[in-house]
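So the chains spell out like this:
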Amino acid sequence: MEKLVELKNVKAFHRKKQILNGVDISINKGEFVYLIGKTGSGKSSILKVLYKEMEIAEGVGEIVGLNLKKLKYSQVHKLRRQLGVVFQDFQLLPDRSVEDNLLFIMQSTGWKDKKAMRNHARVTLEQVNLPDIRDKFPHQLSGGQQQKVAIARAMINSPKVILADEPTGNLDPESSKEIMNLLSVISKGGTAVIMATHDMDLVNKYPGRVLKCEEGLISEVQPSLYE
């Protein structure tokens, strides 16, 4: 099985405060992994380490074959091409159409052929069940639709790993269900999905590995311990 993520004894700081105290994680292709824990327990910090928003102070980190400690900022685009990131607050560009939001990511990760880009954007929107909204702007969409567009954006380069930080946090139960179904399908296709969440109902309904964050450390827990 292809290993896509490995953190060994990773320590990280934010404004001189230690946030991660020796985190060990190993994640393979196609795994669906939850990060659970209270606010401030380190869930988002682990994701930030993985998409190179936060530096590793000590330990070893590797994702999609790239060494996170040695990766220079001038090379971060190589990492971002193989990663998709989904945020709680969507982070779509408000002044651009849905299609242009996707094209922007494609341009910034090296796509050149405009016709191929538009075609790929259309196909990707169909994959998230939004075939008819290419020309709409984010403010014209519901929260659930915006998050689906955010997932389409994360999928645009066929990433090996998707990092999702509380992706259902701002959504109603029906939209949350749709987003979870989408992420489940993506992981079954071979993409590893790592999702930080507070929502234990979702964890119980959609099976996956569960890693509990507590005081900057991580431990694997069994379903019976959190039901």
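Above this text is the structure in question.
Because the structure is a prediction, the values reported are computed rather than measured. (Residues numbered from 1 in each chain as written. Predicted model: local features only at pLDDT ≥ 70, side-chain atom pairs only at ≥ 80, totals over all residues. Heavy atoms only, no water.)

**Side note on the sheet that holds strand E3 (residues 32-36)**
In step 1: Ordered by their spatial adjacency, 6 strands build an open sheet running E6-E7-E8-E3-E9-E10, and the pairing between neighbours is mixed. With one partner strand each, in any of the chains shown, strand E6 (83-86) and strand E10 (217-221) form the two edges of the open sheet. Going from strand to strand, the sheet's axes swing by 20 degrees on average, the running direction of each strand aside.
In step 2: Note: E6 against strand E7 (residues 161-165), 4 bridges, orientation parallel. Within E7, the residue paired with Val85 across the bridge is Leu163.
In step 3: Where helix H5 (residues 143-155) meets the sheet, its contacts fall on E6 and E7, and the angle it forms with E6 comes to roughly 165 degrees. (Pairing = 2+ DSSP bridges. Helix = DSSP H or I, 4+ residues; strand = E, 2+ residues; numbered from the N terminus. Axes fitted to C-alpha atoms, helices over the stretch in contact; angles between N-to-C directions. Contact = heavy atoms within 4.5 Å.)

**Looking at the packing of aromatic side chains**
Aromatic rings in a pair are described by how distant their centres are and how their planes are angled relative to each other.
In step 1: As enumerated under the stated definition, the model contains 2 aromatic pairs in all.
In step 2: On the numbers, 5.1 Å between centres and 50 degrees between planes, the contact of Phe32 with Tyr34 is tilted.
In step 3: Judged by its relative accessible area of 0%, Tyr34 falls in the buried class.
In step 4: Lying over the aromatic face of Tyr73, Lys52 brings its terminal NZ or CZ to 5.6 Å of the ring centre. (Phe/Tyr/Trp six-rings, centres within 6.5 Å; stacked < 30°, edge-to-face > 60°. Buried < 20%, exposed > 50% of the residue type's maximum accessible area, 1.4 Å probe, protein only. Lys NZ or Arg CZ within 6 Å of the ring centre and 35° of its normal.)

**With respect to the sheet that holds strand E1 (residues 3-14)**
In step 1: If you walk across this open sheet you meet the 4 strands as E2-E1-E4-E5, and the pairing is antiparallel. The open sheet has two free edges, formed respectively by strand E2 (17-28) and strand E5 (66-67), since each of these has just one partner strand.
In step 2: As paired elements, E1 and strand E4 (residues 58-63) share 5 bridges and run antiparallel to each other. If you follow Val5 over to E4, its bridge partner there is Ile63.
In step 3: Contacts from helix H1 (residues 43-50) reach E1, E2 and E4 within the one sheet, and its direction differs from that of E2 by about 65 degrees.

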